[in-house]
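# Notes for the structure review
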Amino acid sequence: MVLPALSVPADAQPPPRPELLAVRGVSLRFGGLAVLSTVDLTVRAGEIHGLVGPNGAGKTSLFNCISGLYRPQAGSINLDGADLLRCPPHRLAGLGLARTFQHPILDQHTSVLENVLTGTYTCQDSAAVGRVFHPRSALREKDRRRQKARALLAYSGLIDVEDQSPGTLPHAEQKRVELVRALLAEPKLLLLDEPAGGLVHSEVDELGELIRRIRDDHGVTVLLVEHHMGLISSITDHVHVLAEGRNVTAGTAAEVQRHPAVIESYLGSAP
Amino acid sequence: MNARIRQPTVPWLVRVAAVVVALAVLVILPQQSTPYDNLQITLVAAWAVVIAGLNLLTGYAGQISLGQAAFFGIGAYTTAITALHGWPVVLSFALAFLLPATVGALVAIPAVRLRGHALAMITISLPLVAVPLAKRLDGLTGGSQGLTTPIGSAPTWSGLADDQWAYYVVLTVAAALLALAHVAVRGRTGRALSLIRTSEVAAVTTGIPVRRYKMVVFALASGYGGAGGFLYVYCVRFVSPESLDFLLGITLLCSLVVGGLRSSAGSVVAACFYVYVPNLVGDINPEKSSLIYGAVLLLVLLFAPAGIAGAARGLWRRRKLLARKLATSWPAPSTPTGYLAVAGSTETSQEENGGLTPTRSTASNPSSKTR
Ligand SMILES: Nc1ncnc2c1ncn2[C@@H]1O[C@H](COP(=O)(O)OP(=O)(O)OP(=O)(O)O)[C@@H](O)[C@H]1O
Ligand SMILES: [Mg+2]
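Residues numbered from 1 in each chain as written. Chains lettered and ligands numbered in written order. Predicted model: local features only at pLDDT ≥ 70, side-chain atom pairs only at ≥ 80, totals over all residues. Heavy atoms only, no water.

What follows is about the overall build of chain A. For chain A, the helix and strand inventory stands at 9 helices and 10 strands. Counting every position in chain A, which comprises 271 residues, the buried fraction comes to 55%. Residue pairs at least 24 apart in sequence account for 69% of intrachain contacts in chain A once pairs closer than 6 positions are excluded. Taken as a whole, chain A presents about 11500 Å² of accessible surface, with 54% of it coming from carbon and sulfur. (Helix = DSSP H or I, 4+ residues; strand = E, 2+ residues; numbered from the N terminus. Buried < 20%, exposed > 50% of the residue type's maximum accessible area, 1.4 Å probe, protein only. Contact = heavy atoms within 4.5 Å. Areas by Shrake-Rupley, 256 points an atom, 1.4 Å probe, with all protein chains shown as cover.)

Take the coordination of the magnesium ion (ligand 2) next. Octahedral metal centres with six donors ideally show angles of 90 or 180 degrees, and tetrahedral centres with four donors ideally show 109.5 degrees. Residue and element names in this part refer to chain A. Donor atoms from the polypeptide that coordinate the magnesium ion (ligand 2) comprise Thr60 (OG1) and Gln102 (OE1), at 1.9 to 2.4 Å from the metal. With threonine 60 in helix H1 (residues 59–66) and glutamine 102 in the loop between strand S6 (97–99) and helix H2 (112–117), the pair connects residues that are 42 residues apart, well separated along the chain. Look at glutamine 102 and you get buried, because its relative accessible area is 9%. (Donors = N, O, S within 2.8 Å, 3.2 Å for Na, K, Ca; no water.)

Here we come to the sheet that holds S6(A). All names here are of chain A. Taken together, the 6 strands give an open sheet; going across it, the order is S6-S7-S8-S3-S9-S10, and neighbouring strands pair in mixed fashion. Each edge of the open sheet carries a strand with a single partner, namely S6 and strand S10 (246–251). Here the average twist between neighbouring strands, direction ignored, is 20°. Inspection of the sheet shows strand S9 (residues 238–243) paired to S10 by 5 bridges, in the antiparallel sense. Looking at the pairing, leucine 242 lines up with asparagine 247 of S10. Each of S6 and strand S7 (189–193) is contacted by helix H5 (residues 171–183), which is oriented at about 160° to S7, the strand it contacts most. (Pairing = 2+ DSSP bridges. Axes fitted to C-alpha atoms, helices over the stretch in contact; angles between N-to-C directions.)

Within this structure, the stated rule accounts for 15 salt bridges over all chains. Between A:Asp216 and A:Arg215 there is a salt bridge, with its nearest N and O atoms 2.8 Å apart. The class of A:Arg215 is buried, set by a relative accessible area of 15%. Several salt bridges share partner residues, and in doing so they unite A:Glu114, A:Arg146 and B:Arg191 into one network. (Salt bridge = Lys/Arg side-chain N within 4 Å of Asp/Glu carboxyl O.)

Once that is clear, we can look at the domain arrangement of chain A. All names here are of chain A. By the assigned domains, chain A splits into domain 1 (18–96 + 187–271) and domain 2 (107–186). Computed over C-alpha atoms, the centres of domain 1 and domain 2 are 26 Å apart. The interface is formed by 20 residues belonging to domain 1 together with 13 residues belonging to domain 2. Summing both partners gives a buried area of about 1300 Å² for domain 1 against domain 2, and 68% of it is carried by carbon and sulfur. Among the residues domain 1 hides against domain 2, the three largest losses belong to Pro187, Leu210 and His218. Together they make up 34% of the total. If you look at where domain 1 meets domain 2, you find 0 salt bridges. Connecting domain 1 to domain 2 are 4 residue pairs in polar contact (both at pLDDT 80 or more). A total of 7 residues in the side of domain 1 that touches domain 2 trace back to one element, the largest contributor, which is helix H6 (residues 201–218). Of the residues in the side of domain 1 that touches domain 2, the class split is 9 nonpolar, 4 polar and 7 charged. (Domains from an automatic or database assignment. Buried area = accessible area lost by both parts, 1.4 Å probe. Polar contact = N/O pair within 3.5 Å; in protein donor to acceptor, adjacent residues only side chain to side chain. Nonpolar A, V, L, I, M, F, W, Y, C, P; charged D, E, K, R; others polar.)

Residues and elements named next belong to chain B. At a minimum axis separation of 7 Å, helix H4 (residues 89–113) and helix H10 (residues 210–236) run at an interaxial angle of 145°. Between H4 and H10 lies a crossing of right-handed hand. Considered class by class, the residues forming the contact of H4 with H10 number 19 nonpolar, 5 polar and 3 charged. (Left-handed = near helix turned anticlockwise from the far one by under 90°.)

Positive phi, normally seen in glycine, also occurs at A:Glu186, with a value near 50°. By secondary structure assignment, the location of A:Glu186 is in the loop between H5 and S7. Even without a glycine there, the phi angle at B:Arg237 is positive, about 60°. As for its position among the elements, B:Arg237 is in the loop between H10 and strand S2 (238–239).

Let us now look at the packing of aromatic side chains. Residue and element names in this part refer to chain B. Inspection of the entire model under this criterion finds 12 aromatic pairs over all chains. For the pair phenylalanine 72 and tyrosine 232, a centre-to-centre distance of 5.2 Å together with 70° between the ring planes defines the contact as edge-to-face. In this pair, phenylalanine 72 is assigned in helix H3 (residues 68–84) and tyrosine 232 in helix H10, connecting sequence segments 160 residues apart. For tyrosine 232, a relative accessible area of 18% gives the class buried. Taken together, a centroid distance of 5.7 Å and an interplanar angle of 90° make the contact between tryptophan 157 and tryptophan 165 edge-to-face. Look at tryptophan 157 and you get exposed, because its relative accessible area is 70%. Among the residues examined, tryptophan 165 registers a relative accessible area of 17% and is labelled buried. (Phe/Tyr/Trp six-rings, centres within 6.5 Å; stacked < 30°, edge-to-face > 60°.)

Residue and element names in this part refer to chain A. Within strand S8 (residues 221–225), 5 of the 5 residues are buried, which leaves it mostly tucked inside the rest of the structure. Of the two faces of S8, the one lined by Thr221, Leu223 and Val225 and the one lined by Val222 and Leu224 are each fully buried. Across 4 bridges, the pairing between strand S3 (residues 48–52) and S8 is parallel. Across the sheet, residue glycine 50 finds its bridge partner in S8, namely leucine 224. Summarising the sheet, S7 and S8 pair through 5 bridges and their orientation is parallel. Residue pairing in the sheet places leucine 191 in a bridge with leucine 223 of S8. In this region the chain leaves S7, passes through H6 and returns to the parallel neighbour S8; the handedness of that crossover is right-handed. (Right-handed = clockwise from strand over helix to strand, strands pointing away.)

Residues and elements named next belong to chain B. Assignment of secondary structure puts isoleucine 74 in helix H3. Classification of isoleucine 74 as partly exposed rests on a relative accessible area of 21%. For isoleucine 74 and lysine 325, which are 251 residues apart along the polypeptide, the C-alpha to C-alpha distance reads 51 Å. With residues up to four places along the chain from it excluded, the contact list for isoleucine 74 reads Leu99, Pro100, Val103 and Leu244.

To continue, consider H4(B). Residue and element names in this part refer to chain B. If you check H4, its first and last C-alpha atoms are 37 Å apart, about what 25 residues at 1.5 Å a residue would give, namely 36 Å. At valine 107, H4 shows its maximal bend, which comes to roughly 30°, and the proline proline 110 appears one to four places after that position. Close packing links the buried residues of H4 with H3, helix H5 (118–136) and H10. (Expected span 1.5 Å × (residues − 1). Bend = angle between axes of the 7 residues up to and from the residue.)

A word on the sheet that holds strand S4 (residues 74–79) of chain A. Residues and elements named next belong to chain A. Spatially, S2-S1-S4-S5 is the arrangement adopted by the 4 strands of the open sheet, whose pairing is antiparallel. Each of the sheet's edge strands pairs with one partner strand only, and the pair in question is strand S2 (33–44) and strand S5 (82–83). With 2 bridges joining them, S4 and S5 adopt antiparallel strand pairing. Of the residues in S5, the one forming a bridge with asparagine 78 is aspartate 83. The strands touched by H1 within the sheet are strand S1 (19–30), S2 and S4, with S2 carrying the most contacts at an inclination of about 65°.

Take a look at the structure:
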C-alpha cells in the first residue's frame, strides 16, 4: 500500500471499534488535474468523523467517490466489508450509505414531508412483492413509514412546516430537511457535506447537538465535511485533514489543530 | 409565501360529486348532440391519452420530449394497417401500445445514459425519420395519401350510430388509461420521479435506479402515445404522414404546459385546448389563426404559469380569500402560487455534480473559523 504524503500517526492501541468505512489509496484525476492522490481514510462504527481541509482540497470529490458519483482511477472503498467501487451508484443506499449535499437539493413542487419520504425509497423493497397479495399490510407499512418520517421531522424541529414547500424555508431548515431525508434511508454511514455552511452561530450549535443526538439515538456513524472548526472541535471523535487531494494528518480535533501543516494552512495563510 | 401543499386542495366529496356528474353528462351527451360534436369530444379523449403519456415523461420525470407525435403516428399506422388486415380490435390495440413502447425503450437506451436534454435532442430526430419513412413505404402506409381503414363501426346489437359507438369505446378506454397513469405516479414511484426531475444525482444517491426509471417512463409515455393513436384512428378511420409531424410534437408539448404539468385533469384540459382552440381561432379569423393561437398560448403562460389546471387549483385553494375580496372591493388580479410555477429547464442545472460549484461564500472560509 502506498504511504500517504505526510504520515498519519499510527494507532498503538487495538482498534476500539470495528472499521465501517475504509478508503484506501484512492486517486482521482480529471484530465491532467489530480483531485485526489492516494487518499486513505478510516471511519469506525459509531464515530462522528470530521473531514477538513481548505477549499478545493477534494473533500466533496472524496464524498462523490464514496457515494459512487465519481469513479476513482485507483484505490478501494469498502463499507462494512462491501466493495463500493464494484456497485452501481444506486445500490449504495441499500448498503447503508446516505448523504446530504453542500447545497440542499429539494423538490420545490412538493411538501417537506413528501421530500423526506423519498428517503424511504430503499426501505420499501421488502414490501413491494407483498403489496399485491397483502394490500392491508402494505397500507400499514405505508402508515408506519409516514409516522416515522413525521417523528423524525418532529425530532429535528420541522414538524410545523411539514406541509410547506421547502423553498419557503430558511436555509438552515432546508439543510435539516435534507438531513431527515438521508436519515430515513436508515443508513449505517451518513455523509454530511458542510452541514453548517451558511448557518448563523446559534444554528450551528443546534445542528451540532442534532448530529450528536442522531449518532446516539440512531446509532448512525457520521462523516462530515466542515469548515466550521468550532463545530468540528465540539462534536467529532476523530478528524482527518486533506489538502490538495492528499492526506495531511489525522487524530482528535485537538491533535490535528496542533499539527504544523494544519496551523500553516489554516492560520499561516490567513490574510 | 406560505403555501401549504399536502392539504387536500379540493375536498373528497366535491371530487366524487364532480366525477359522477361529469360521467352522467358524458353518458347522456352523445344521444343529444350532433355527430360532429361527438367526434370532437371523442378526439379530446384520444388526445388526452397522448398528452397524459407526455405528462408522465415531461411533467413527472422532467424529460422533455418533442417526439410524442412519432409514437402517436406509430400507434395510428399500426392500428390502420392491422385493421386493414382484419386483425381483431383488441390485438390492434395491444400492438398499437406495445410497438411504440418498444421503439421508445430502444430509443431511451442511449438517451438515458446522458443527462439533461439528450432525450429532447434524440426525440427531435424521430419525426424527421418517421415522416419520410411513412411516405416512402407506400405499399404499407399509402404514402402521402394516407390510409383509410375500416375500424370503429358500431355493431348492430348496440343500436348506436358509428359516432356514438366510437364515442363510448374511446372515452371508456381513455378513462381507464388516464386512471392508470394517475395511479402510477402516486406514492413511492411519484416521489422517485420528483427527485429525478429535481436532480438525478440526488436521486441516485437516494437509491433510485434513475436510468431504469427514465427508460420505463419513456416506454410508457410512448405506449400512451401509441394508444392515443389507436383511439384517434378508431374514431377518424384515417391516418396520414401529418400525424407524425414534428410540429405536432411541439404543439402537444405546448398544450400540456397550457393544461398543466403534473396533473391528470391538466392532461384533459390540454386535450381540449389542442382540439378546440384551433377551431375557435379558425372561426375568428382563419388567416391569422397561428397568430391568435400563439397569443393564447402566451397569455396562458404569462398569467397561469402552472397551466390552467394549476391556476384552477390555486383559485380553489384561495376561494375564501377571493370571495371576501369580491364582496368588499374590486377583485385583485389572481397571481398563481409561486411553487406551482412551471418547472422550466433551470431547476436541474444547478446541482449536477453534487455541490462542486467553485463559487463559495466567504463565511465558510476555513482561515476565518480557526481560533
Ligand atoms: N467534475 C469535475 N471536473 C473537474 N474538476 C473537478 C470536478 N470535481 C472537482 N473538481 C476539482 O477538484 C478540486 C477539488 O474540488 P472539491 O469540490 O472536491 O473541493 P472541496 O474540498 O469540496 O472544496 P470546498 O471546500 O470548496 O467545497 C477542485 O479544484 C475542483 O475544481
Ligand atoms: Mg466541497
